[in-house]
Structures are given as structure tokens and as C-alpha cells.
Amino acid sequence: MAEERFYFENGLSLHGACAGREVANLQMIGSSFGVSIAARDGGVTISGEPETVRQACGFFRELQYFYTQRGRDLDQRDFELLLKAVRRFSGQDLRELWREKIRVSPRKREVLPRSFRQMEYVRAMRRKEVVFGIGPAGTGKTYLAMAVAVSEFLEGNCSRIILTRPARESGENLGFLPGNLEEKIMPYLRPLYDALYDMMPAEEAADLIQKGVIEVAPLAFMRGRTLGDAFIILDEAQNTSPDQMLMFLTRMGFHSRCVVTGDPSQNDLKCGEGSGLLKAEQVLSGLPEIEFCHFTTADVVRHALLEKIILAFTAKETEKKCSSS
């Protein structure tokens, strides 16, 4: 058995490190690494097998580093995502992730990649003209794209942001929704607004939308336009047809960059209708200016249960396909 003491520094307290939930979160750390943890004199005593004690100490060091970089106490989401990252990427340099932080509005906290695939995705968006983010829900595809778009805009690297997605029904009939056309399509665009408001204050975003500097519109509204000096995001791209995908990609003007996100498993196209997202990957994967970033359930950064839900549904669908073949 081994025992080691860890003391927090630079203004970080045990209360701040555990997001205000010392007892519950220390128990979570203990069960995650298979160690016993006792809080004493502003620090912690970690007991267990030498290797598990080493791993738990590594987690506390990452907590300290994370706090030093962010300059504020951690919230519960920070705590749980960091714990997941340390366990999953043991032996890898997690601080490489933190170095890819995305600076958004000064009144909003910086956005950090939470996995190495997310890190590569962020790097791709910073260096490539067109990037595809493909994978299941909850992997940060749209959220990180929005963060990079806002960061590039605030740094003066583009003059406007264009956000679009197809207004494709998900088991519902658009025609029976109440209201005029704008009111009918608003529910389809709401996720883009939600992500935007995480990157800048609502009043600031609303002012830029009012001025047309930030535009949120259905994909159909892009036809016939040329979008120059812009950061363009197409969300829910699995619901585009091949013709729509071609139309969208050919909207790019000079000094523009484009990010396309989609989850092929959440396809709302009619039976037999081809997906523009899959077609794009088939025909464009060899172009050096374009990068395809693929995510898996290991990159899910929402509630921990989400990864289990996705895996359960995927396993059931695989089982159905095997039994029918």
C-alpha cells in the first residue's frame, strides 16, 4: 500500500477543486481510481496501490493546472469532464488539449477541447478551408465550430458569420406548425442560437444579428448567394441531399472558411433519398484543402449517460441488421 499527500496552490481550495461538492466528488475520484481519499488541512491524503495512487495524484495535478489556466473555481461539468479525460487518456499529455483553448467573448469563458479528436478538429478548423465534423450527438461538433467562428470573427479574421441548417422534419410535418414561415422554421434554428449565446452575451449577439453581421438562416435561403470573407457553418448536414450539399459548398467566396457538421445515424431523409453528407465524403476526401474529422461515443462531452444511451441504441440496430440478413 502507498500513501501520498496533495496540497492545492495558487488560490485553489479543496472546495473550489471539487466544484463545491467535496464529499461527493472525493468519493467519485476514489471509486474512479480505486483509492481512499481523506481531506485534511486544505489538502488530501490518497491511499491505495502505488499505481492507482499515482493516477489519482495525476488527476489532482490536472485539477490544479486547469484552475491555474482558467483562473476560477471549477464547476461540476468541468470536474466530471476532466475526470473522464484523465481516466480515458492516461499517459497522454492532457495539457496539449488546454493549449488549444478558444477565446470567445471576454464576457464568456474560454472553450476547451475535451478529447484529442476534438483537439484535432479545432486545429483543422484553424488551418483548412473546409472541415467536416462527423459523428454522434454530444461530441461537440457544432459547439466547437461555433466557438472557432466567434473567435475568428472577434480576432478580425472574417467579417461575418453565417449559420445554417436544413429545415428538415424529424417525424413531424412542418406545414402543421403554427405561425408564419419565420415562426415555422425558428425551431430548426434554435440549437444554433443556443450555441451562439454560449460564446457571446445575448444582447451583443442580437445586435450583430440585427446588423446582418451574424446570419442564422435555413439552408434553402443560401441558394444563389456568394458568401465572401465569412465563417460558414452548416449544421445537421446528414439531412441534406447531394444537390443541396453541392449548392452549399459552392456558396463559398474568397477568404471564407466552411465547417459542415452531421450525424449520419440521425438521418431524417426519406427512404431511398441519398445523404449529401455521405456523398461529400465519398467525392471530396482526397482534396488537401478539405479535412474530415470523425468522432465516436468516446468523444461525448455531455451527460455521462449519453454515451451509454448511444451505444445501447447502436448495439440494438446492429442486432436487428444481423438478424434480418
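Keep in mind the model is a prediction, meaning the values are calculated, not measured.

Procedures and definitions
- Numbering of residues starts from 1 in each chain and follows the order in which that chain's sequence is written.
- Selection of residues for local features in this predicted model requires a pLDDT of at least 70, selection of side-chain atom pairs for listing and counting requires 80 or more, and totals for whole chains, interfaces and linings are taken over all residues.
- Hydrogen atoms and water are omitted, and side-chain values are computed over all heavy atoms in the structure.
- Only DSSP runs of H or I covering at least 4 residues are called helices, and only runs of E covering at least 2 are called strands; the numbering of each starts at the N terminus.
- Throughout this description, a polar contact denotes any pair of N or O atoms lying within 3.5 Å of each other; where both atoms belong to protein, one of them has to be capable of donating a hydrogen while the other can accept it, and for residues adjacent in sequence the pair is counted only when both atoms sit in side chains.
- Whether two residues are in contact is decided by their heavy atoms, any of which lying within 4.5 Å being enough.
- The pairing criterion for strands is at least two bridges between them, as found by DSSP.
- For helices, the fitted axis covers only the stretch in contact; all axes are lines through C-alpha atoms, and the angles between them, taken along N-to-C directions, range from 0 to 180 degrees.
- As used in this record, nonpolar core signifies buried Ala, Val, Leu, Ile, Met, Phe, Trp, Tyr and Cys residues forming a set joined through side-chain atoms within 4.5 Å.
- For the exposure calls, accessible area comes from a 1.4 Å probe over protein chains only, and a residue counts as buried if that area is under 20% of its type's maximum, exposed if over 50%, partly exposed in between.

**Describing the side chain of Asp-299**
So, point 1. By secondary structure assignment, the location of Asp-299 is in the loop between β9 (290–294) and α12 (304–324).
So, point 2. Among the polar contacts listed, one links the side chain of Asp-299 to the side chain of Ser-115, at a separation of 2.8 Å.
So, point 3. Apart from the residues lying within four places of it in its own chain, the contact partners of Asp-299 are Ser-115, Arg-117, Gln-118, Gly-138 and Thr-139.

**Things to note about the sheet that holds strand β8 (residues 257–262)**
The pairing of strands in a sheet comes from backbone hydrogen bonds and takes either a parallel or an antiparallel form.
So, point 1. Read across the open sheet, the 6 strands follow the order β6-β5-β7-β8-β4-β9; overall the sheet is parallel. Single-partner strands in this sheet number two, and they are β6 (214–218) and β9. Between one strand axis and the next, the sheet turns through 15° on average, direction left out of account.
So, point 2. Sheet topology note: the strand β4 (residues 130–134)/β9 ladder contains 5 bridges and is parallel. By the bridge assignment, Val-130 is partnered in β9 with Ile-290.
So, point 3. Along the sheet face, helix α7 (residues 141–154) touches β4, β5 (160–165), β7 (230–234) and β8 and points at about 170° away from the line of β7.

**Side note on the nonpolar core**
So, point 1. Formed by 36 residues in total, the largest nonpolar core has its most connected members in Ile-102, Tyr-121, Met-125, Leu-163 and Ile-214.
So, point 2. Those elements that provide at least two residues to this core are α6 (116–127), α7, β5, α8 (181–199), α9 (202–210), β6 and β7.
So, point 3. Beyond its immediate sequence surroundings of up to four residues, Leu-163 is in contact with Met-146, Leu-192, Ile-214, Glu-215, Val-216, Ala-217 and Ile-233.
So, point 4. Among the nonpolar cores identified, the runner-up in size contains 35 residues, and Phe-6, Val-44, Leu-82 and Ala-85 belong to it.

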